[in-house]
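One letter stands for each residue in the lines below.
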Amino acid sequence: EVQLVESGGGLVQAGGSLLLSCVVSGFTFDDYPIAWFRQAPGREREGVSCIISGDGSRYYSDSVKGRFTISSDNAKNTVYLQMNSLKPEDTAVYYCAADTWGLRTGVFHESEYDYWGQGTQVTVSS
């Protein structure tokens, strides 16, 4: 049974930082994508970052490049998202997602992923 549990969200002022964690169980980090998405109220879910541990590939949306860093610790079955220089527009519920079947449609396509966490709220005040 695959499960993903996010943590680390909270309330920060603009310019601050947060570290999000996603603990994965029932899944080994092979060549399959693990991604972070976010969804703000009234908006579609948006891919922000993805990591494929097998080949070291990392992907970022244009809006977070240079500010966010994705990483993984396979021994802990955990994927992290370090978020720096946060902006109010980063406010959203952040979800981690796992693709256990390999890339089919694209790393930032919501339909790519088989399993999702419950989400963690990030709020950035101005």
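The rules behind each value
What you see as residue numbers is a count from 1 along each chain, following the sequence as written. Local features are withheld for residues below a pLDDT of 70 in this predicted model, meaning they are given only at 70 or higher, and side-chain atom pairs are given and counted only at 80 or more; totals for whole chains, interfaces and linings count all residues. Note that water and hydrogens are dropped before the side-chain values are worked out from all heavy atoms of the structure. Think of a salt bridge as a Lys or Arg side-chain nitrogen and an Asp or Glu carboxyl oxygen that are within 4 Å of each other. Helix and strand definitions follow DSSP, with helices as H or I runs of at least four residues and strands as E runs of at least two, each counted in order from the N terminus. Type-normalised accessible area, obtained with a 1.4 Å probe on protein chains alone, sets the label of each residue: buried when under 20%, exposed when over 50%, and partly exposed for intermediate values. Here, strands pair whenever DSSP counts at least two bridges between them.

*Asks:* I'm lost on the pattern of salt bridges in this one. Help?
*Replies:* Pairing is possible between side chains that carry opposite charge, provided their charged atoms lie close to one another. On inspection of all chains with the given rule, the structure shows 6 salt bridges. The partner of D90 in a salt bridge is R38, and the shortest N-O contact between them spans 2.9 Å. Taken together, the residues D90 in the loop between β8 (78–83) and β9 (92–98) and R38 in strand β4 (residues 34–39) connect sequence positions 52 residues apart. When its relative accessible area of 6% is taken as the criterion, R38 is described as buried. D90 is the partner of R67 in a salt bridge, and the nearest nitrogen-oxygen pair spans 2.7 Å. A residue pair is termed long-range when its members are at least 10 positions apart, and R67 in the loop between β6 (57–60) and β7 (68–73) and D90 in the loop between β8 and β9 qualify at 23 residues. Residue R67 shares its accessibility class with D90, and that shared class is buried.

*Asks:* Mind showing me how you'd approach the pairing of strand β11 (residues 120–125) here?
*Replies:* Alternating positions in β11 separate cleanly, T120, V122 and V124 being buried on one face and Q121, T123 and S125 remaining unburied on the opposite face. As defined by bridge partners, strand β2 (residues 10–13) adjoins β11 across 4 bridges and the pair is classed as parallel. Counted as the bridge partner of G10 is V122 from β11. Strand direction decides the pairing type here: β9 and β11, joined by 3 bridges, are antiparallel.

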